[in-house]
Amino acid sequence: FTYFFAVISPSELTDRIMIEAYNQGIAGTGRHTWLFSDSFGRTAIGRDFPIGSPLERAYRGTGLMSAVGGIPGMDAYDKLTKSLQQLGEVEEVRSHLNTLFPGDYSDGKFVNHSIITDQEAFLKTPGLASPFLYDAVVAIGLASCGLLE
């Protein structure tokens, strides 16, 4: 078996690429598995292809891989969730976060960020990006410390 991991953007190109992959004998053969990144979105989901057509054969057996920073039940993810929830419950923390957000947009209007930080759901779950951002910030911090050694 041969596996392909495809990150294709814009997704409008996917059908053209898959038809060419079929024509080249690297899709739709039963020996090749195509996995798409989450940028693939809903490109092939819910579509009906004529049975036996190049697109039906090329997409048959494909998969979608989506990056996630963790799921409930993973120790590190659960600890991050608990820490974020504790931070979100402290008024002083939310007020301090409001001071860190930019105060205006390019048109010069002041933006009150408490419309975000005062929401009930604020910092209740890490969301999709937080685990990745946390890791990136820690990595930058460690790299910065390494510069001084």
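Residues numbered from 1 in each chain as written. Predicted model: local features only at pLDDT ≥ 70, side-chain atom pairs only at ≥ 80, totals over all residues. Heavy atoms only, no water.

Participant: Any chance you could break down the environment of Asn112 for me, citing the residues and the numbers?
Facilitator: With respect to the element layout, Asn112 can be found in the loop between helix H4 (91-100) and helix H5 (114-117). Linking Asn112 and Phe101, residues 11 residues apart in sequence, is a C-alpha distance of 9.3 Å. (Helix = DSSP H or I, 4+ residues; strand = E, 2+ residues; numbered from the N terminus.)

Participant: Explain the side chain of Thr33 to me, using residue names and the numbers behind them.
Facilitator: Along the polypeptide, Thr33 turns up in strand S2 (residues 32-36). Residues contacting Thr33, with those up to four places away along its chain left out, are Thr2, Tyr3, Phe4 and Gly61. (Contact = heavy atoms within 4.5 Å.)

Participant: Let's hear about the pattern of salt bridges: which residues, and what values?
Facilitator: For the coordinates displayed, the defined rule picks out 4 salt bridges. Among the ionic pairs, Asp75 bridges to Lys79, the shortest N-O distance being 3.2 Å. Residue Asp75 and its partner Lys79 are both found in helix H3 (residues 75-88); the two are separated by 4 residues, about one turn of the helix. No difference in accessibility class separates Asp75 from Lys79, as the two residues are exposed. Arg94 is paired through a salt bridge with Glu91; the nearest N and O atoms lie 2.6 Å apart. A residue pair is termed a helical-turn pair when its members lie 3 or 4 positions apart in one helix, as Arg94 and Glu91 do in helix H4 at 3 residues. (Salt bridge = Lys/Arg side-chain N within 4 Å of Asp/Glu carboxyl O. Buried < 20%, exposed > 50% of the residue type's maximum accessible area, 1.4 Å probe, protein only.)

Participant: Which residues make up the packing of aromatic side chains, and what values do they have?
Facilitator: Evaluated as defined, the whole model comprises 4 aromatic pairs. Geometrically, the ring pair formed by Phe4 and Trp34 is stacked, given 4.5 Å between the ring centres and 20° between the ring planes. In this pair, Phe4 is assigned in strand S1 (residues 2-6) and Trp34 in strand S2, connecting sequence segments 30 residues apart. For Phe4, a relative accessible area of 24% gives the class partly exposed. Here the aromatic rings of Trp34 and Phe36 are separated by 6.3 Å at their centres, their planes lie at 25°, and the arrangement is stacked. (Phe/Tyr/Trp six-rings, centres within 6.5 Å; stacked < 30°, edge-to-face > 60°.)

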